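Chain by chain, the residues run as shown.
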Amino acid sequence: LISIFLIKRESKGPAFFIQERIGRDGRPFRMLKFRTMHQELSGDAPAPDSPYDARITRIGRYLRRYSLDELPQFLNVLAGEMSIVGPRPEMPFIVEEYGPMERERLRAKPGITGLWQISYARRGAIHENLDYDLFYIENQSVLLDIVIIALTGFAVVKGTGAY
């Protein structure tokens, strides 16, 4: 509730950013996030690569740094569209370009966090780091999920979230 209030106070527009993503078996769904960019500057443009990107609001910088912008995705988990751990869901225009190997990502329910998110490869694009997702899909287990969740917790506390 505090995030919603601060987002609404700082900039015009909705508190939530809703974007179509592709989930398990290629099914589209509407993924929720807290809006971290100015309404008129957000959309399907490339993700910011710096915390000083002019599109990001002041509260957005904080939400992104500590990955708090991802919290609304727990509603996607409750709706059965996402899992806590799994490959990140991609945008439709990226999935349209998938070949047979990349389509393997769609065998698993997408997650809020995953191996790619806690790796050093996080600096690159999600769709360029297929190996992390395929490893996760082939080796899914409760223990692996616990390790990923724990490492995600450390990353959140450390503030190594997205720009």
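Residues numbered from 1 in each chain as written. Predicted model: local features only at pLDDT ≥ 70, side-chain atom pairs only at ≥ 80, totals over all residues. Heavy atoms only, no water.

**Student:** Any chance you could break down helix H7 (residues 142-158) for me, citing the residues and the numbers?
**Tutor:** With 17 residues, H7 should cover 24 Å at 1.5 Å per step; its first-to-last C-alpha distance of 24 Å lies within 8% of that length. Considered for burial, the residues of H7 that qualify are Leu-144, Ile-148 and Thr-152. Considered in projection along H7, the buried side chains sweep an arc of 70° and stay on one side of the axis. Across from the buried face of H7, at angles greater than 90 degrees, the exposed residues are Val-142, Leu-143, Ile-146, Phe-154 and Val-157. Where H7 is buried, its residues contact strand S3 (83-85), strand S4 (111-113) and helix H6 (130-138). (Helix = DSSP H or I, 4+ residues; strand = E, 2+ residues; numbered from the N terminus. Expected span 1.5 Å × (residues − 1). Buried < 20%, exposed > 50% of the residue type's maximum accessible area, 1.4 Å probe, protein only. Arc of directions from axis to C-beta. Contact = heavy atoms within 4.5 Å.)

**Student:** So, the packing of aromatic side chains: which residues are in play, and what are the values?
**Tutor:** Counted by the stated rule, this structure contains two aromatic pairs. When the centroid spacing of 5.4 Å and the interplanar angle of 20° are considered together, the rings of Phe-16 and Phe-34 count as stacked. Here the residue Phe-16 occupies a position in strand S1 (residues 16-22), and Phe-34 occupies one in strand S2 (residues 28-34), the gap between them amounting to 18 residues. Given a relative accessible area of 31%, Phe-16 falls into the partly exposed group. (Phe/Tyr/Trp six-rings, centres within 6.5 Å; stacked < 30°, edge-to-face > 60°.)

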